[in-house]
Amino acid sequence: MKRILLFFGLLASSLYGYAQNPAVVRGRITSSEDGTALPGVNVLVKGTSTGTSTDADGNYSIAVPAKATLLFSFIGYLTQEVALSNDQTVANIALEADAKELQEIVIVGYGEQSRKTLTGSQTSVSFDELKSTPAPSPDQLIQGKAAGVQVTANSGVPGGGIFIRVRGTNSINASNDPLYIVDGVFINNNNLVRTGLGNQVASNPLADINPSDIESLEILKDANATAIYGSRGANGVVLIRTKRGKANSRSRINFNTYQGWSWAPKKFKVVTGPELATLQNERFLNDGGSPELVPFRSKASGGSGLPEEQPTYDRISDVFRTARTRSYELSASGGNDKTQYYIGGGYFNQESIVKPSEFDRYSLRINLDQHLNEQVKIGTSTALTRTHRNVSSNDNNPVGVINSALFPKSNLPVFNENGTYAKYGSFDNHLALIDNLNNNATGTRVISNVFGEYAITENLTFRTSWSIDFNDMYENNYNNTLILAGQPKGTATSALSRDVTLLNEQTLTYLKTWDKLSLQVIAGNTIQKNTYQVTSLSGQQFPTNSLETIASAATQTGTSTKAESALLSYFGKASATWNQRYTLDASFRADASSRFGVSNRWGYFPAVGAAWRLGEERFIKDLGIFDELKLRASVGKTGNQAGISEYASIGLWQGGNNYTDSPGTAPLQLANPNLSWEETRQWNVGLDLGFFRDRLTFDINYYDKYTSGLLLNVPVPLKSGYSSLLQNYGAVSNKGFELTVTGDIIRSADFQWTSSFNISTNKNKIEKLAAPFTAGSRDIFRLQEGIPLYSFWIYKQLYVDPQTGDAVYDDKGNDGITVADRQIVGNAWPDFYGGFTNTLRYKAFDLNAFFYFEKGAQIMNMNRFFLVHGGTQSNIGYIPEQLERWQKPGDITDIPRMTTVASSNNYGGTVQNLSSRYLEDGSFIRLRTVSLGYNVPKALLSKYRVASLRLYVQGTNLWTGTGYSGLDPEVNSQSGVGNTKNFDWATVPQPRTVQVGLNIGL
């Protein structure tokens, strides 16, 4: 009996010991939606700290005790709990997507993160509803979609420059454009078109990117979000992620096309021939001329004919046209568990509403991901683009197409009696330009990234990438003898500009989740090299207009330049979240730039941020009010070196200073070995609120930015032989408030209505400056301490004297009008700006309307400046506003009497038209887009093996409410001149467009 008891005792002990030894459970985690493998899924034994995560192919293995329960959690998916049986060794799980949470996954610097744990300030922009908007570049499409981001098209020219500022303007001399990163490639944003366009930026390099290839876009705004990019993050960072194939998904083919028709909502107007003659006669009499000798009297008496006999020639109608826009795109995507791909090709063509400008783009994108095994993944994101611009000069250029139609007097014929083009003063013939302009700019762009990832452990991943941004622009221009630029015997230029950025980057990422703690640590380094070079040729005196190549010119000259710069960086970032409630972030980056002196080559850029989700605290939950309540705060430092010379810190000599036939050199630039970074210190506080199951959300931010050590050309004593030296001197501040409200107003089976509203303010101020200086045409903009950038420095007109008809100005010294009476009268900054979007869906129909608005910005209307001149411009006509001038005692108007007498200061003299009379309120609200679409039911499509079909009609810029008298309040004709904005001078307006399109999915 004892032996039997001993046997069962040993057996029980053995079984008990076996039960305590953990078993190993393996499995694969996929998405229930399409079977895609899910890497990085957290696998945790419930009630313990034992856990692991899935590898690149979604596989995992974990040791578990008997009767264990596993928890599977992943950002964007519902947490799943699985109870294991005693002998279970395999557990394959298909996680279901959390529709709400998927919308909260955002791209951050070198990774992804749940929006709920963000400590910084950033805005996500989805391109699903934007890709059909007829804009050649993605930056135009984000206008009004992100609080704190001001986007303005400089003109309506396709592929032209864009003004974009993230939380204001930080620098005076360096660049203020944000950093753009596309799939890890740092984009160079330099305009390569060299053809002179009247101080207008001729091209937007981002127009080389096809918006239809974009999946998502993130705008990083505060220092905690951008400091990981160090010296390139001061102006904000725009992260663009393009579309990629999904694992274990069937191949999808999509074809998208739209056709659009555009026209000018408003056109220039000039006075008629009789009105012009009346004004000229009045000017003659006011200047003391004899009534018998007015210029427009009967031809019998030696005049040019009576006013009513004068003809009117319409030049404006010749310039504008109904322009076409065409877009065709074809893409294929899919993949298995090893290989995923996306291939997309497109053609985009957009004519300008002002002849003869046009923009073409051919694009091809290939995104490929290949899993070599469970640990190694390689891939590429490659985009090839070919663009063509038919470049036409307008804006601040007397021989531009618009100027040549707008400025000549309306009673003068377009053609001479012998049928040749008639030209007047310094203006060309508009038809001669339209028919003969031959300015072609052809661009070739390669944006490519090749990467490899190695999963060292389940939680530690190494990534290396090699990137290139290769940008070529070839220009070939010929001016024949029929236009002024080609006289007397023709001129030609040919230029090849090349801007190449090479980038190598390594990152090491550690990601671990315990029961309540999530930790992410990133360390890495970057090596970057930029090369910019230009080779140009010019020729003059051609034997005939039929021979256009420079080889045919009698005189040929050439020049070339080359500049290189390099950047070496080390960076790190750590983010810890406890219980999905408390988050602490810290980052640090060190950059060394070849642009600066050896003693100040390195810049150090730290940042820290914290977030507290009060809504997860019991004392807040018990209120039953908030679904989300989070406080955020961050502070950090970023830098800037963009926009200055590659050799800004060293002394330079230049060749070409020849004496007779002997070569010579001369000093060009003083050395400054102490030159260093501009540094921007920024702090941000934010509040996120959610109500009614997050169907109503608020995102509120206040920020304070202070940029010091501005890279400025500071005057030096002339006896040094130089006029200035680039130094770190000066400071600019920006402070602002941002509010975004999003509402899921109605959600039912057949009808949904969502709405989003954002509004922003920014107060800009020059805090420190060595000495005041001016910028822009006629020094209209002034920079000095205590005022904002883009401030207008002009004479302030108070009124027009009803008795004399002369303008009365603010005479600050009561000593007559002098230069000392010029003063700051407004600026180009809006008091606030924002956007308002509504999307309604009813069964198969969808309706979307988007409004953009700006309030308080001033615009200098240079068209009025030149064309309401009182008779002082002998070769320029008038616009109808001149008819509102003072004519007799008692008239109340702000337009002075017609006169060329300088002492009156009405149009000439000391004032020289630099009057607040031409400064206008540029406030506006615009219906930017409205679209109506129909999605054909899948039941009707299935028999034809079509997955989806959407038909739509869309209008762009259909309505603009503004008091501005010009063609368009969204304008900047001097975008190529630093520290200027809102300058309207013969600029192409934003077009009004109607388009139809369809999207087909197979």
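Residues numbered from 1 in each chain as written. Predicted model: local features only at pLDDT ≥ 70, side-chain atom pairs only at ≥ 80, totals over all residues. Heavy atoms only, no water.

**A closer look at the overall build of the protein**
In plain terms, the rule: Helix and strand definitions here come from DSSP, where helices need a minimum of 4 consecutive H or I residues and strands a minimum of 2 consecutive E residues; each element is numbered from the N-terminal end. For the radius of gyration, the atom set is restricted to C-alpha positions; the globular benchmark scales as 2.2 Å times the number of residues to the power 0.38. Here the term buried applies to any residue with accessible area under 20% of the maximum for its type, exposed to any over 50%, and partly exposed to those in between, with areas from a 1.4 Å probe on protein chains only. Throughout, a residue-residue contact means that at least one pair of heavy atoms, one from each residue, lies within 4.5 Å. Only the protein chains shown count as covering a residue, and every accessible area follows the Shrake-Rupley method with a 1.4 Å probe.
Secondary structure summary: the protein contains eleven helices and 51 strands in total. At 33 Å, the protein has a C-alpha radius of gyration in line with the 30 Å of a compact globule built from 1002 residues. Split into buried and exposed, the 1002 residues of the protein put 53% on the buried side. Summarising the internal contacts of the protein: among those between residues at least 6 apart in sequence, 68% fall at separations of at least 24. For the protein, the accessible surface area stands at approximately 42,100 Å², while carbon and sulfur atoms represent 56% of it.

**Concerning the pattern of salt bridges**
Note the cut-off: Criterion for a salt bridge: a side-chain nitrogen of Lys or Arg within 4 Å of a carboxyl oxygen of Asp or Glu.
Applying the stated criterion to the full structure yields 37 salt bridges. Among the ionic pairs, Asp-469 bridges to Arg-445, the shortest N-O distance being 2.7 Å. Taken together, the residues Asp-469 in strand β23 (residues 460-479) and Arg-445 in strand β22 (residues 439-455) connect sequence positions 24 residues apart. Here Asp-968 makes a salt bridge to Arg-926, at a shortest N to O gap of 2.7 Å. A residue pair is termed long-range when its members are at least 10 positions apart, and Asp-968 in the loop between β49 (948-962) and β50 (983-984) and Arg-926 in strand β48 (residues 924-935) qualify at 42 residues. We note that Asp-968, like Arg-926, is buried. Residues joined in a network through salt bridges with shared partners are Arg-613, Glu-616, Lys-621 and Glu-628.

**Observations concerning a nonpolar patch on the surface**
The test is simple: Patch construction takes residues with relative accessible area above 30% that form no salt bridge. Like charges are linked within 9 Å, and nonpolar side chains (Val, Leu, Ile, Met, Phe, Trp, Tyr) are linked within 5 Å.
Taken together, the side chains of Trp-261, Trp-263, Tyr-842, Phe-845, Leu-847, Leu-932, Val-953, Val-994 and Val-996 make up a nonpolar region of the molecular surface, amounting to roughly 750 Å² of accessible area. When residues of the nonpolar patch are traced back to their parent elements, those giving at least two are β17 (249-263), β45 (845-855) and β51 (992-1001). When you line up the elements, Val-996 lands in strand β51.

**Things to note about the domain arrangement of the protein**
The line we're drawing: Source of the domain bounds: an automatic or database domain assignment.
Each assigned domain of the protein is listed here: domain 1 (22-102) and domain 2 (790-1002). Relative placement of domain 1 and domain 2: their C-alpha centres are 59 Å apart.

**Observations regarding the UniProt feature "domain: TonB-dependent receptor-like beta-barrel" (unreviewed entry) in the protein**
Here is the rule we go by: UniProt positions are given in the numbering used here, feature names are shortened, and annotations may be inferred rather than shown by experiment.
Here the UniProt feature "domain: TonB-dependent receptor-like beta-barrel" (unreviewed entry) sits at residues 425-957. Annotated as residues 425-957, this span is 4% helix and 56% strand, and its ends, taken at the C-alpha atoms, are 36 Å apart.

**Quick notes on the confidence of the model for the protein**
Stated formally: A residue's pLDDT is simply how confident the predictor is in it, with values from 0 to 100.
For the protein, per-residue confidence averages 89 on the pLDDT scale, and 95% of positions sit at 70 or higher. When the criterion is pLDDT under 50, residues 1-20 qualifies, and its contacts beyond four places in sequence or with other chains add up to one contact.

**Focus on the sheet that holds strand β38 (residues 773-775)**
So the rule is basically this: Note: two strands are recorded as paired if DSSP finds a minimum of 2 bridges between them. Fitting a line to C-alpha atoms yields each axis, with helices limited to the stretch in contact; the angle taken between N-to-C directions then spans 0 to 180 degrees.
Ordered by their spatial adjacency, four strands build an open sheet running β38-β39-β40-β43, and the pairing between neighbours is antiparallel. In this open sheet, the two edge strands, each paired with only one partner strand, are β38 and β43 (823-827). Sheet twist, expressed as the average angle between the axes of neighbouring strands with direction ignored, equals 45 degrees. The pairing of strand β40 (residues 791-794) with β43 spans three bridges and is antiparallel. Considered in β43, the bridge of Ile-794 is made with Gln-823.

**Some words on the pairing of strand β16 (residues 237-242)**
Counting buried positions along β16 gives five out of six residues, so the element sits mostly inside the fold. In this structure, strand β13 (residues 179-182) lies alongside β16, joined through four bridges in parallel fashion. Counted as the bridge partner of Tyr-180 is Val-238 from β16. Taken together, the six bridges between strand β15 (residues 214-220) and β16 define a ladder with antiparallel strand orientation. Directly across from Glu-218, in β16, lies its bridge partner Leu-239.

**A short note on the packing of aromatic side chains**
For clarity, the threshold we go by: For this analysis, a ring pair means two rings from Phe, Tyr or Trp (six-membered ring only for Trp) whose centres lie within 6.5 Å, classed as stacked if their planes differ by under 30 degrees, edge-to-face if by over 60, and tilted for the remaining angles. Criterion for a charge above a ring: Lys NZ or Arg CZ within 6 Å of the ring centre, and within 35 degrees of the ring normal.
Under the criterion given, the structure shown has 33 aromatic pairs. On the basis of an interplanar angle of 70 degrees and a centroid distance of 6.1 Å, the ring pair of Phe-186 and Tyr-229 is categorised as edge-to-face. Residue Phe-186 is found in strand β14 (residues 185-186), and its partner Tyr-229 is found in the loop between α4 (223-226) and β16; the two are separated by 43 residues along the sequence. A single burial state applies to Phe-186 and to Tyr-229, both of which are buried. Both rings, one in Phe-588 and one in Tyr-604, keep their centres 6.2 Å apart while their planes meet at 15 degrees; by these two values the pair is stacked. On the criterion of sequence distance, the pair formed by Phe-588 in strand β27 (residues 582-593) and Tyr-604 in strand β28 (residues 602-613) is long-range, its members being 16 residues apart. Here a set of aromatic residues connected by ring pairs shows up, and it is made of Phe-407, Phe-427, Phe-781, Phe-792, Phe-865, Phe-866, Tyr-918, Phe-983 and Trp-985. The aromatic ring of Trp-793 is capped on one face by Arg-782, whose charged end is 4.5 Å from the ring centroid.

**Some points on the side chain of Glu-475**
Selection rule: All tallies of charge rest on Lys and Arg as positive and Asp and Glu as negative; His and the ends of each chain are not included. Within 3.5 Å is the distance limit for a polar contact, defined as a pair of N or O atoms, with the added protein rule that one can donate a hydrogen and the other accept it, and that residues adjacent in sequence qualify only through two side-chain atoms.
For Glu-475, the location among the structural elements is in strand β23. Buried charged residue Glu-475 carries no salt bridge. Nearest counter-charge: Arg-194, at 5.2 Å. Polar side-chain contacts of Glu-475 include one of 2.8 Å to the backbone nitrogen of Arg-194. Not counting residues within four places of it along the chain, the set of residues in contact with Glu-475 comprises Leu-192, Val-193, Arg-194, Thr-195, Asn-440, Ala-441, Thr-493, Ser-494 and Ala-495.

**Structural notes on the side chain of Asn-684**
Topologically, Asn-684 is positioned in strand β32 (residues 678-691). Judged by relative accessible area, which is 1%, Asn-684 ranks as buried. At a separation of 3.1 Å, a polar atom in the side chain of Asn-684 contacts the side chain of Asn-701.

**Describing unusual backbone geometry**
Backbone torsion omega between Lys-355 and Pro-356 reads -5 degrees, so that peptide bond is classified as cis. Relative to the helices and strands, Pro-356 resides in the loop between β19 (339-351) and β20 (358-371). Omega for the peptide link from Gln-487 to Pro-488 comes to 10 degrees, which places this bond in the cis form. In this structure, Asn-579 takes a positive phi of about 60 degrees despite not being glycine. By the secondary structure assignment, Asn-579 is in the loop between β26 (555-578) and β27. Residues other than glycine seldom take positive phi values, yet Asn-957 does so here, at roughly 55 degrees.

**Some details on helix α5 (residues 273-286)**
The condition that has to hold: Here the expected length of a helix is defined as 1.5 Å per residue gap, with one fewer gap than residues.
Its 14 residues give α5 an end-to-end C-alpha distance of 20 Å, which sits within 8% of 20 Å, the value for a rise of 1.5 Å per residue. Of the residues making up α5, those classed as buried are Gly-273, Leu-276, Ala-277, Leu-279, Gln-280, Asn-281, Glu-282 and Arg-283. Once α5 finishes, Gly-288 follows within two positions and takes phi at roughly 95 degrees, a positive value.

**Some remarks on the sheet that holds strand β7 (residues 93-95)**
Here three strands make up an open sheet; going across it, the order is β4-β1-β7 and the pairing mixed. Each end of this open sheet is capped by a strand with a single partner; those strands are β4 (59-64) and β7. Each adjacent strand pair in this sheet contributes to an overall mean axis angle of 35 degrees, direction not counted. Alignment of strand β1 (residues 23-31) against β4, held across six bridges, turns out to be antiparallel. Each residue of the ladder has a partner; that of Ala-23, found in β4, is Val-64.

**Concerning the nonpolar core**
The cut-off we apply is this: Grouping buried Ala, Val, Leu, Ile, Met, Phe, Trp, Tyr and Cys residues that are joined through side-chain atoms within 4.5 Å yields what is termed a nonpolar core.
One finds Ile-780 and Met-860 to be the most contacted residues of the largest nonpolar core, which totals 61 residues. Of all the elements in the fold, those that place two or more residues in this core are α6 (316-319), α7 (401-406), α8 (430-436), β34 (711-715), β39 (781-783), β40, β42 (807-809) and α10 (862-867). In this structure Met-860 touches Ile-780, Phe-792, Ile-794, Ser-915, Tyr-918, Leu-919, Asn-982, Phe-983 and Asp-984, once residues within four positions along its chain are discounted.

**Description of the pairing of β49**
As defined by bridge partners, β48 adjoins β49 across eleven bridges and the pair is classed as antiparallel. Residue pairing for β49: Leu-932 is matched across the bridge by Val-953. Two elements, β49 and β51, share nine bridges in a ladder whose sense is antiparallel. Paired with Ser-948 across the strands is Gly-1001, a residue of β51.

**Examining the environment of Thr-501**
Turning to its location among the elements, Thr-501 is positioned in strand β24 (residues 491-513). On a C-alpha basis, the gap between Thr-501 and Thr-461 in space is 26 Å, while along the polypeptide they are 40 residues apart. The contacts of Thr-501, once residues within four sequence positions are left out, are Phe-186, Asn-188, Ser-467, Ile-468, Asp-469, Gln-528, Lys-529 and Asn-530. A distance of 3.4 Å separates the side chain of Thr-501 from the side chain of Asn-188, its partner in a polar contact.

**Things to note about the environment of Val-319**
Mapped onto the fold, Val-319 is located in helix α6. Look at Val-319 and you get buried, because its relative accessible area is 2%. Along the primary structure Val-319 and Val-401 are separated by 82 residues, whereas in three dimensions their C-alpha atoms are 7.3 Å apart. In contact with Val-319, not counting residues within four places along its chain, are Ile-353, Val-354, Lys-355, Val-401, Ile-402, Ala-405, His-430 and Ile-434.

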